[in-house]
Amino acid sequence: MNIKLAIEDGINILKDKKINTAKLDAEILMAKALKKDRKYIILNDNNDLNGKILNYFYKLINERASYKPIAYLINKKFFWKNEFFVNKHTLIPRPDTEILVEQVLKLTKQKNKMNILDIGVGSGCIILSVLKERKNFLGTGIDISKNALEICKINAKRLKVDQRIKLYKTNIDKFEEGNYDLIISNPPYIKKFVLKYLESDVIKFEPKLALDGGIDGLSEIRKVIIKSSELIKKNGKFVLEIGFNQKNKVVKLLKEKGFYINCTLKDLALNDRCIVSTKI
Ligand code: GLN
């Protein structure tokens, strides 16, 4: 069978499962099976495939047909300006989360040195993107998942910022180190009972630990705010990702802990997604 026919077959299998990115996904998976890029696939679609590669392609297609996200199948996701290694142990970086990076860079344009903390660092996409752009900044990342920290370490090395980041496996309640100019966090904030209604791609494959925000969706956000109020310097900035319906409640929590609200920002779908505040 040639590349073109195999891809068409793959597209049909994915379409049957109502995957609306079927064509793109099938091409990406063919590229993965052949260890080539998508351009090669498109330019050489008459080439015949050997049995081994064809089997591997169908294996990938079938995994995708069970809704495994493309990012986990190819172990990478582009975020901000870099490619990140990902696997099932970390949330897949979301385009919406790039707002946090954008805000941090805006807030730190004139700063030379800063100590920054990322609570629930995961793949490292937020803090590593910032460290890559701000060459004199020092970072600390904490996470409860040892596996996630391993991924973050791999990404820090790839981005050549591993000399400027310290990583700790810890429960947020137990972390007491440091005094930070800036804190960032994208904590789990989905209500427990809503989890099962998330898309199959998300709920069947992404780590619940990174999504589950407890009964009211705010249990981790609450801890992150309390801990940040203790570890942040006076006048330090706090950039937090929130759920689409959490703005008012989170603003209240922040004010109670001595934060001044600078602004709230919407994501690409125009949902409230990020709050920037200052410790006063
Ligand atoms: N934005 C993610 C989602 O909707 C949730 C991320 C989180 O809980 N921090 O899948």
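Caption draft 1: Up close: the packing of aromatic side chains. Under the defined criterion, the tally for this structure stands at four aromatic pairs. Centre to centre, the rings of Phe79 and Phe84 are 6.1 Å apart; their planes meet at 80°, and the pair counts as edge-to-face. For the pair formed by Phe79 and Phe84, the shared burial category is buried. Judged by centre distance (5.5 Å) and plane angle (50°), the rings of Tyr168 and Phe175 are tilted. Over the face of the ring belonging to Tyr40 we find Lys36, whose NZ or CZ atom lies 4.8 Å from the ring centre. Over the ring of Phe259 we find Lys279; its NZ or CZ atom is 5.9 Å from the centre of that ring.

Caption draft 2: Up close: the site of the ligand. Neighbouring the ligand are the residues Leu91, Arg94, Asn186, Pro187, Pro188, Tyr189, Ile190, Ala210 and Leu211. The contact in question runs from a nitrogen atom of the ligand to an N or O atom on the side chain of Tyr189, over 3.1 Å. Its free accessible area being 300 Å², the ligand has 84% of it covered by the protein chains. Of the residues assigned to the shell around the ligand, the class counts are seven nonpolar, one polar and one charged.

Caption draft 3: Spatial organisation of the pairing of strand E4 (residues 138-143). In terms of burial, E4 is a largely internal element, five of the six residues being buried. Pairing of strand E3 (residues 115-119) with E4, which is carried by five bridges, proceeds in the parallel orientation. Following the sheet pairing, Ile116 is matched in E4 by Gly139. For the segment spanning E3, helix H7 (residues 125-133) and E4, crossover handedness is right-handed. Bridge count between E4 and strand E5 (residues 165-169): five bridges; the pairing is parallel. Considered in E5, the bridge of Ile142 is made with Tyr168. Taking the sense of rotation as the criterion, the β-α-β connection linking E4, helix H8 (residues 146-158) and E5 turns out right-handed.

So, how was this worked out
Residues numbered from 1 in each chain as written. Predicted model: local features only at pLDDT ≥ 70, side-chain atom pairs only at ≥ 80, totals over all residues. Heavy atoms only, no water. Phe/Tyr/Trp six-rings, centres within 6.5 Å; stacked < 30°, edge-to-face > 60°. Buried < 20%, exposed > 50% of the residue type's maximum accessible area, 1.4 Å probe, protein only. Lys NZ or Arg CZ within 6 Å of the ring centre and 35° of its normal. Near = heavy atom within 4 Å. Polar contact = N/O pair within 3.5 Å; in protein donor to acceptor, adjacent residues only side chain to side chain. Areas by Shrake-Rupley, 256 points an atom, 1.4 Å probe, with all protein chains shown as cover. Nonpolar A, V, L, I, M, F, W, Y, C, P; charged D, E, K, R; others polar. Helix = DSSP H or I, 4+ residues; strand = E, 2+ residues; numbered from the N terminus. Pairing = 2+ DSSP bridges. Right-handed = clockwise from strand over helix to strand, strands pointing away.

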